[in-house]
Amino acid sequence: GVGVGALSIAMARLWPLLHVVGIDPWRPALAIARENVDVAGLHTRIELREQTVQELSDTDTFDLAWVPGFFIDEAVVGIALERVYRALRPGGWILFGTQNPGSEPLTASLARLRTVLWGGHPRTPGEAEALLRHAGYAQVQTLPSSSIGTAGIAVIVARRP
């Protein structure tokens, strides 16, 4: 989910040779993303597509994929991970984001509620790791929360062998 394009724009600015493909099924977010990309002057390096991750048909194309798992329903997460696996080049990396419920009961309940409201499934980082392993990814590990700078989010990294 490219959302409004902020992450894509930031990455394109950081790496001048990077080409980004952002997908999102929600037209209002894509409209804002297109505007943001145009304002940033990056329309030649950031391609935006209206599609779901289940519709991703690229093969051996990408070096890195960001998958915001907190928006992906349990019924489609398996096919989503398969499509991303196929779209990655061998040796490519996936960053799978999920809510990190933490140990505080209220915080954990709010994280689960937020995920359900967003249309996703409240999976723990450990459950996300298991999903990635089951989909064939290797070198699966959860990054320390402090390394991503956003409280409440866990990022699981894995590599296509």
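The present account deals with the structure reproduced in this document. It should be emphasised that the depicted structure is a prediction, and the values quoted were computed from it without experimental measurement.

1. A word on the overall build of the protein
Broken down by element type, the protein carries 5 helices and 6 strands. Beginning at the N terminus, the succession of helices and strands in the protein can be written as α-β-α-β-β-α-β-α-α-β-β. Relative to the compact-globule value of 15 Å for 161 residues, the protein shows a C-alpha radius of gyration of 15 Å, a close match. By its C-alpha atoms, the protein is 45 × 35 × 30 Å across when sized along the principal axes. Residues classed as buried in the protein amount to 37% of the 161 residues present. Of the roughly 8800 Å² of accessible surface on the protein, 59% is carried by carbon and sulfur atoms.

2. A short note on the pairing of strand S3 (residues 62-68)
Pairing of S3 with strand S4 (residues 88-99) involves 6 bridges; the strand directions are parallel. Paired with Val-67 across the bridge in S4 is Phe-96. Following the chain from S3 across helix H3 (residues 77-87) to the adjacent parallel S4, one finds a crossover that is right-handed.

3. Here we look at the nonpolar core
Judged by nonpolar contacts, the single largest core of 22 residues is most densely connected at Val-84, Ile-94, Phe-96, Leu-132 and Tyr-137. Counting residues per element, the ones that place at least two in this core are S3, H3, S4, helix H5 (125-134) and strand S6 (153-159). In terms of residue count, the dominant contributor to this core is H3 (5 residues). In this structure, Phe-96 is in contact with Trp-66, Val-67, Gly-69, Val-77, Leu-81, Arg-123, Ala-128, Leu-132, Ala-154, Val-155 and Ile-156, ignoring residues within four places of it in sequence. By size, the runner-up hydrophobic cluster in this structure holds 10 residues, among which are Ile-9, Ala-33, Ile-46 and Leu-48.

About the thresholds
Residues numbered from 1 in each chain as written. Predicted model: local features only at pLDDT ≥ 70, side-chain atom pairs only at ≥ 80, totals over all residues. Heavy atoms only, no water. Helix = DSSP H or I, 4+ residues; strand = E, 2+ residues; numbered from the N terminus. Rg over C-alpha atoms; globule rule 2.2 N^0.38 Å. Buried < 20%, exposed > 50% of the residue type's maximum accessible area, 1.4 Å probe, protein only. Areas by Shrake-Rupley, 256 points an atom, 1.4 Å probe, with all protein chains shown as cover. Pairing = 2+ DSSP bridges. Right-handed = clockwise from strand over helix to strand, strands pointing away. Core = buried A, V, L, I, M, F, W, Y, C linked by side-chain atoms within 4.5 Å. Contact = heavy atoms within 4.5 Å.

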